[in-house]
Amino acid sequence: MDIFIHRSSKVFGGKIFDGRLIIFLRPFCSSDSTASTLTSHSLTIPILKDLISKQHWSEVKAHLKETDPTALLCHLLSSKADPEIILRYYNWSQKELKISHPLQLSFGLLHSLATTKSYSKIRAFLHKFVQDENLHSNSSIFHALSICSNKLCANSIIADMLVLAYVRNLRTRLGFEAFKRAGDYGFRLSMFSCNPLLSALVKDNAIGDVEYVYKEMMRRRIEPNVITFNVVINGLCKVGKLNKARDVIEDMKAWGIPTNVVTYNTLIDGYCKMGRVGKMYKADAILKEMVANKVFPNEVTYNILIDGFCKDENVSAAKKLFEELQRRGLKPNVVTCNSLINGLCCAGKLDEAIEFWDEMLGLGLNRNVVTYNVLMNGFCQKKMIKEARDLFDDMRGHGLAPNAITFNTLIDAYCKNGMMEEAFVLQSSMLEKGVFPLASTYNCLIGGLCINGDIKAARKLIFEMEDKGLRADHITYNILIGALCQEGESRKAAKLLNVMFKVGLSPSHVTYNTLMDGFCMEGNLKAALNVRMQMENKGRRANVVTYNVLIKGFCRKGKLKDANGLLNEMLERGLIPNRTTYEIVREEMMEKGFIPDIEGHLYNVSISS
DNA sequence: GGCGATACCG
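As the structure is a prediction and not an experimental result, all values here were calculated from the model. (Residues numbered from 1 in each chain as written. Chains lettered and ligands numbered in written order. Predicted model: local features only at pLDDT ≥ 70, side-chain atom pairs only at ≥ 80, totals over all residues. Heavy atoms only, no water.)

Peer 1: I'd like to hear about a negative patch on the surface, residue by residue, with values.
Peer 2: On the surface, a cluster of negative charge is made up of Asp351, Glu355, Asp358 and Glu359. Structurally, the position occupied by Asp351 is in helix α19 (residues 350-362). Among the residues examined, Asp351 registers a relative accessible area of 61% and is labelled exposed. (Patch = residues over 30% accessible without salt bridge, like charges linked within 9 Å, V, L, I, M, F, W, Y side chains within 5 Å. Areas by Shrake-Rupley, 256 points an atom, 1.4 Å probe, with all protein chains shown as cover. Salt bridge = Lys/Arg side-chain N within 4 Å of Asp/Glu carboxyl O. Lys, Arg positive; Asp, Glu negative; His and termini not counted. Charge placed at Lys NZ, Arg CZ, Asp CG, Glu CD. Helix = DSSP H or I, 4+ residues; strand = E, 2+ residues; numbered from the N terminus. Buried < 20%, exposed > 50% of the residue type's maximum accessible area, 1.4 Å probe, protein only.)

Peer 1: So, the environment of Arg573: which residues are in play, and what are the values?
Peer 2: Relative to the helices and strands, Arg573 resides in the loop between α31 (560-572) and α32 (579-589). For Arg573 and Cys346, which are 227 residues apart along the polypeptide, the C-alpha to C-alpha distance reads 27 Å.

Peer 1: Account for the protein's contact with DNA strand B, naming residues and giving values.
Peer 2: Taken together, the neighbourhood of DNA strand B is formed by 49 residues, with Asn230, Asn303, Lys311, Asn373 and Asn478 sitting nearest. Among all atoms of DNA strand B positioned within 4 Å of the protein, those belonging to sugar or phosphate total 50%. In this structure, a sugar or linking oxygen belonging to DNA strand B sits 3.4 Å away from a side-chain N or O atom of Thr266. Within the side chain of Thr514, an N or O atom sits 3.3 Å from a sugar or linking oxygen of DNA strand B. It is helix α12 (residues 226-238) that provides the largest number of residues to the surface near DNA strand B, a total of six residues. (Near = heavy atom within 4 Å. Polar contact = N/O pair within 3.5 Å; in protein donor to acceptor, adjacent residues only side chain to side chain.)

Peer 1: Which residues make up helix α23 (residues 420-429), and what are the values?
Peer 2: Within the sequence span of α23, burial applies to Met420, Ala423, Leu426, Gln427 and Ser429. Along its buried surface, α23 packs onto α21 (385-395), α22 (404-416) and α24 (439-451). (Contact = heavy atoms within 4.5 Å.)

Peer 1: How would you explain the pattern of salt bridges if you had to name every residue and give the values?
Peer 2: Side chains that differ in charge, positive against negative, can pair when their charged atoms come close. Here the structure, examined in full by the defined rule, presents 25 salt bridges. Among the salt bridges present, the one from Glu464 reaches Lys468, with a minimum N-O distance of 3.4 Å. Exposure remark for Lys468: the relative accessible area of 55% places this residue in the exposed category. Residue Lys492 pairs with Glu489 through a salt bridge whose shortest N-O separation is 3.7 Å.

Peer 1: So what's going on with helix α11 (residues 207-219)? Which residues, and what values?
Peer 2: Helix length check: α11 (13 residues) gives 18 Å between terminal C-alpha atoms against 18 Å at 1.5 Å per residue, within 8%. Looking at the packing, one finds that the buried side of α11 touches α9 (172-185), α10 (191-203), α12 and α13 (242-255). Trailing α11 by a residue or two, Arg221 shows a phi angle of about 55 degrees, which is positive. (Expected span 1.5 Å × (residues − 1).)

Peer 1: Tell me about unusual backbone geometry, and please be specific about residues and values.
Peer 2: For Lys80, which is not a glycine, the phi torsion comes out positive at approximately 55 degrees. On the secondary structure map, Lys80 appears in the loop between α3 (69-78) and α4 (83-96). One non-glycine residue, Leu170, lies in the positive phi region at around 60 degrees. Assignment of secondary structure puts Leu170 in the loop between α8 (152-168) and α9. Take Leu170: its relative accessible area is 76%, and that puts it in the exposed class.

Peer 1: If you had to explain the environment of Lys279 to someone new, which residues and values would you point to?
Peer 2: Mapped onto the fold, Lys279 is located in helix α15 (residues 279-292). Residue classification places Lys279 among the buried residues on the basis of a relative accessible area of 11%. Lys279 sits 44 residues away from Gly235 along the chain, and the two C-alpha atoms are 19 Å apart. Reaching out from Lys279, the side chain makes a polar contact with the backbone oxygen of Cys272 at a distance of 3.2 Å.

Peer 1: For the nonpolar core, give the residues involved together with the corresponding values.
Peer 2: In this structure, Phe107, Leu126 and Phe129 are the most contacted members of the largest nonpolar core, which totals 199 residues. Counting residues per element, this core draws most heavily on α8, at nine residues. (Core = buried A, V, L, I, M, F, W, Y, C linked by side-chain atoms within 4.5 Å.)

Peer 1: So, the packing of α9 against α11: which residues are in play, and what are the values?
Peer 2: With their axes 11 Å apart at the nearest point, α9 and α11 run at an angle of 30 degrees to one another. Here α9 lies roughly parallel to α11, going by the angle between them. Classified by chirality, the crossing of α11 by α9 is left-handed. Residues Arg173, Phe176, Phe179 and Lys180 of α9 pack against Asp209, Tyr212, Val213, Glu216 and Met217 of α11. Looking at side-chain class alone, the contact of α9 with α11 contains five nonpolar, no polar and four charged residues. (Axes fitted to C-alpha atoms, helices over the stretch in contact; angles between N-to-C directions. Parallel < 35°, antiparallel > 145°, perpendicular 65-115°, else oblique. Left-handed = near helix turned anticlockwise from the far one by under 90°. Nonpolar A, V, L, I, M, F, W, Y, C, P; charged D, E, K, R; others polar.)

Peer 1: Describe the packing of aromatic side chains, naming the residues involved and giving the relevant values.
Peer 2: Taken as a whole and assessed by the stated rule, the structure comprises 13 aromatic pairs. When the centroid spacing of 6.1 Å and the interplanar angle of 40 degrees are considered together, the rings of Tyr89 and Trp92 count as tilted. With a gap of three residues between them, Tyr89 and Trp92 both fall in helix α4, about one helical turn apart. Measuring from centroid to centroid gives 5.3 Å for Phe392 and Phe407, while their planes differ by 80 degrees, and the two rings are edge-to-face. Of the two residues, Phe392 sits in helix α21 while Phe407 sits in helix α22, which places them 15 residues apart along the sequence. Side by side, Phe392 and Phe407 carry an identical accessibility label, which is buried. Clustering of aromatic rings is evident, with ring pairs tying together Tyr90, Phe107, Phe125 and Phe129. Directly above the ring of Phe179 sits Arg220, whose terminal nitrogen or CZ lies 4.1 Å from the centroid. (Phe/Tyr/Trp six-rings, centres within 6.5 Å; stacked < 30°, edge-to-face > 60°. Lys NZ or Arg CZ within 6 Å of the ring centre and 35° of its normal.)

Written as structure tokens, this is what we have:
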């Protein structure tokens, strides 16, 4: 890189001319001193380089009495000094002289480091650079980068490292913005920045941006690898776009990149977590597909399926898989056991859960915090608070520290069993145990107060949590909305929905369903249907609970034909009626002599559960 | 740089 310094001025800009960067300098205070400074510079530059390389900073400082530190940086850059020496000077002058050099020079330095392939130095530089509170905008950064050099290759490498630095420092939005700018400038990024960017966007649930980056990568011919595709598939699965996820697998084939076990595991998990008809059947189909493609299931595959069957209230299928896993020479791990113990607890089979808890050690597996949490929760579900507390007290002796979820589990149990005092005592003991209470911790307490009908105290607790810097979340609102509905104050509850929008919270299915239930209980079907419309306008499709709530509401009003229509509609939409649906139909329709069209289907539901 | 388990709301 060639840098021309316009004589007798301080830096205020730069320009590429004839492939060389010209830095314009602002005039010094007096033109006389300027002339002498520059003369002395040309004489002292070699001396200064030497002083810098030896880190004789006090002598460097003495020289800088007559010279502007930024002008010296310019000279070092234009004299093609060793990039290491320039970097050393740059860092020292920023730290000791509190100088903030112009962006162009910072990127000039990076370009000079690029010429010697000192990439780790560039990475480290950018890592610190993006942590700056007064970070420059991406628009000025890219402008500076582009005017420093027209070497596309070096610019691309620096831009790539910049994106990565943003992502590593959790500044995902800026990383995404830089990704877009890099495209505008024609800089070619690589999977080394794009994969972490995609991964961070998935974690932020910004799936629209994930799809954008993915499409752009294809358009810009940024070479992807199997991880690129796996991350995108995971993002799409998280928001239920399973068909799109399958399309990505087709893209992989087009790129000639083979799928691997993670690809299939991700997709299987996507199906397991999606509540549609025959989801486990579909998950199983993918398992067969992967084997047909010579990709063999590993422990994680089994863990995903075991958890899926447990959540599908089919623990016996989960247990069979547990046996199969071992038959295939694979070893269950702590996650496998945690899923099974949790599944057994949820199915009310506490005895079997405890049996399994004992067997774990025989398998050579150590329990972790989650193991404790799930069994504690199992005890709590059976109102065995004492046993849950014993487990809690037992943890430390086994070298395990309770986490926020451990506390939440026990606090919630206290709240639900009329032991508010114990709940508050436990909550206030959290900090001294080094665990920060979360919004969810307060949610447990708020729920407890609401059960006692003390909505006033609940609202007061919200102020307390916000004082501690914890924001009420959508669950907090769900609890309050539910409590108001219970008291026959659905109108007031509906107002909270608007409050949620105002504070930037997005109501969930539970929020809408709770409110609909409130209106249904008051016999206000019109208001309930209105809530459903609001919900679907927000892009949330009715789920099984929505239908259950509405069907029950219509039945109670004697509108059995309308209820029957809703039953048909839910099936058409691919939703699985559950045990609650069956109970509603039996109690509210069949006992009154009305046989719904989907009776046979419901019969299957009733015998399987 | 990618996949799996737990609590608070219907």
